[in-house]
Amino acid sequence: MTASVDPLSLLEDLIGKAKATGAEAADAVLFESIGLSHSQRLGNPERLEREESQDVGLRVMIGKRQAIVSSTDLGKASLDELVERAVAMARVVPEDPYCGLADKGELAAAIPELDILDPEEPAAEVLIERARACEEAARAVSGVTNSEGAEAGWGRVQIALVTSNGFAGSYARSSHSVGVSVVAGEGLGMESDYEFSSAVFGSELEDPGAVGRTAGERAVRRLGAHKPETEKLPIVYDPRVSMGLLRHLAGAISGPSIARGTSFLKDKLGEQIFAEGITIIDDPHRPHGLSSKPFDGEGLANRKLNIVEGGKLTTWILDLSSARQLGLKSTGHAARGTSSPPSPSTSNLYMAPGKVSPEALMADIDKGFYVTSMMGMGINGVTGDYSRGASGFRIENGKLGAPISEATVAGNLKDMFLNLTPADDLVFKYGANAPTLRIEGMTLAGA
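Residues numbered from 1 in each chain as written. Predicted model: local features only at pLDDT ≥ 70, side-chain atom pairs only at ≥ 80, totals over all residues. Heavy atoms only, no water.

**Q** So, the sheet that holds strand E3 (residues 65–71): which residues are in play, and what are the values?
**A** Remark on secondary structure: sheet strands pair via backbone hydrogen bonds, oriented parallel or antiparallel. If you trace the six strands from one edge of the open sheet to the other, you get E3-E2-E1-E4-E5-E6, paired in antiparallel fashion. Each edge of the open sheet carries a strand with a single partner, namely E3 and strand E6 (191–199). Adjacent strand axes in the sheet meet at a mean angle of 20°, parallel and antiparallel pairs treated alike. Where strand E2 (residues 44–62) meets E3, seven bridges bridge the pair, whose relative direction is antiparallel. Bridge pairing in E3 links leucine 58 to valine 69. Packing against the sheet, helix H3 (residues 124–139) makes contact with strand E1 (25–41), E2, strand E4 (144–163) and strand E5 (168–184), and its axis sits at approximately 145° to E4. Where helix H4 (residues 208–221) meets the sheet, it contacts E4, E5 and E6, and its direction lies at approximately 155° from that of E6. (Pairing = 2+ DSSP bridges. Helix = DSSP H or I, 4+ residues; strand = E, 2+ residues; numbered from the N terminus. Axes fitted to C-alpha atoms, helices over the stretch in contact; angles between N-to-C directions. Contact = heavy atoms within 4.5 Å.)

Given below as structure tokens:
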């Protein structure tokens, strides 16, 4: 990476200085990243960029007071000033009764190998070719009239964490991506759509030409979209939007929301919140996972966890602070940046696939709505009320029909979860992943 010294040695030295300056406990994290990206539009290069960055964050604690200071300058004078500022701030900030490092027995004793680093850095020419092939394939689709641009990228980040109570660990991960957005139609009848692919290893990236063709076909298929009438009917979520429901679940069971009492699921631990056959998993150790990590942001061991099993909610998502507020133990879900305290977050979150194909899932729907894109965030985390803008296709006699736009889908997440059925088409493409999902009894309205 870009640092001239070993990351762990740098952080251990930083913590030593903090303790010598008056800190009672401390942890420090270092992010070193390299990125290369290329974008083009209508065949013309727009941008080719390479970025390299370093960012270090120091958290110090004096009693129940904590302060965090970060810097992108790793020079000795800058780091000395970083320590002095952090300790000075920790002496005067208000107390936080829940802050503090983990007990030594909670720290990860071993760091698993996850195979999340592609050792090969692609040349700029490789990214240029990926973007070119993607956009050309999209523009070659009959009916596509313009392009909003194609982009290909690669990145690598190394993360190191050291705590004053004995943890020191680091890991690196990589990512490759390619995507395009195009326009179909003319004048007032234009529609746009997109497609992309991302993977830890370049060899696992979807063929750029296939990505482009999918984007073009999606845009053309949206031509002639109209507003729907208001009615209650089954809603089917395409996998590229179904994962949003998992994000809503993760937010509702996050420790801080539960501790504040601001979640519609605050009293549902151990209870049935989905149908009996539903299992939802968070797996930070998934090989080649886009969000995999071998330990959490506080140095605790993490593990594969069934968050929902047999439809029942089994756990909250906790870091040390929220766990202490609830009188529980951390679930190893702490995430960490350089300028803020740890907070709970999921990793590779996914819903286990069902037993029927998407076609079979829709076969008995005489009239329904198939959602392919969503906008807005009309979610009430306290009540679970749900209302989001959407577009997609009418379902008629079990088949996709005319395109729909400027629609709103509405319901309540408590009811939606209980009335949800998954198809068997789970693909790991995002940080959170779900198969095609059918939900009964929602409201579709013209926006």
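**Q** Quick rundown of the nonpolar core? Include the residues and the values.
**A** Generally speaking, soluble globular proteins have nonpolar side chains that are buried together. Tyr237, Phe274 and Val409 are the most contacted members of the largest nonpolar core, which totals 46 residues. Per element, the largest residue contribution to this core is seven residues, and it comes from helix H5 (residues 239–252). If sequence neighbours within four positions are ignored, valine 409 has contacts with Ile235, Tyr237, Phe369, Met374, Tyr386, Ser387, Arg388, Ala390, Met442, Thr443 and Leu444. Ranked by size, the runner-up nonpolar core spans 25 residues in total, among them Ala23, Ala28, Ala67 and Leu79. (Core = buried A, V, L, I, M, F, W, Y, C linked by side-chain atoms within 4.5 Å. Buried < 20%, exposed > 50% of the residue type's maximum accessible area, 1.4 Å probe, protein only.)

**Q** Hey, could you go over the packing of H3 against H4 for me, with residue numbers and the actual values?
**A** Interhelical geometry of H3 versus H4 gives an angle of 35° and a closest axis separation of 7 Å. At the point where H3 passes H4, the crossing takes the right-handed sense. For the pair formed by H3 and H4, the contact residues are Arg130, Ala133, Cys134, Ala137 and Ala138 on the first element and Pro208, Gly209, Val211, Gly212, Arg213 and Gly216 on the second. The class makeup of the residues in the contact of H3 with H4 is six nonpolar, three polar and two charged. (Left-handed = near helix turned anticlockwise from the far one by under 90°. Nonpolar A, V, L, I, M, F, W, Y, C, P; charged D, E, K, R; others polar.)

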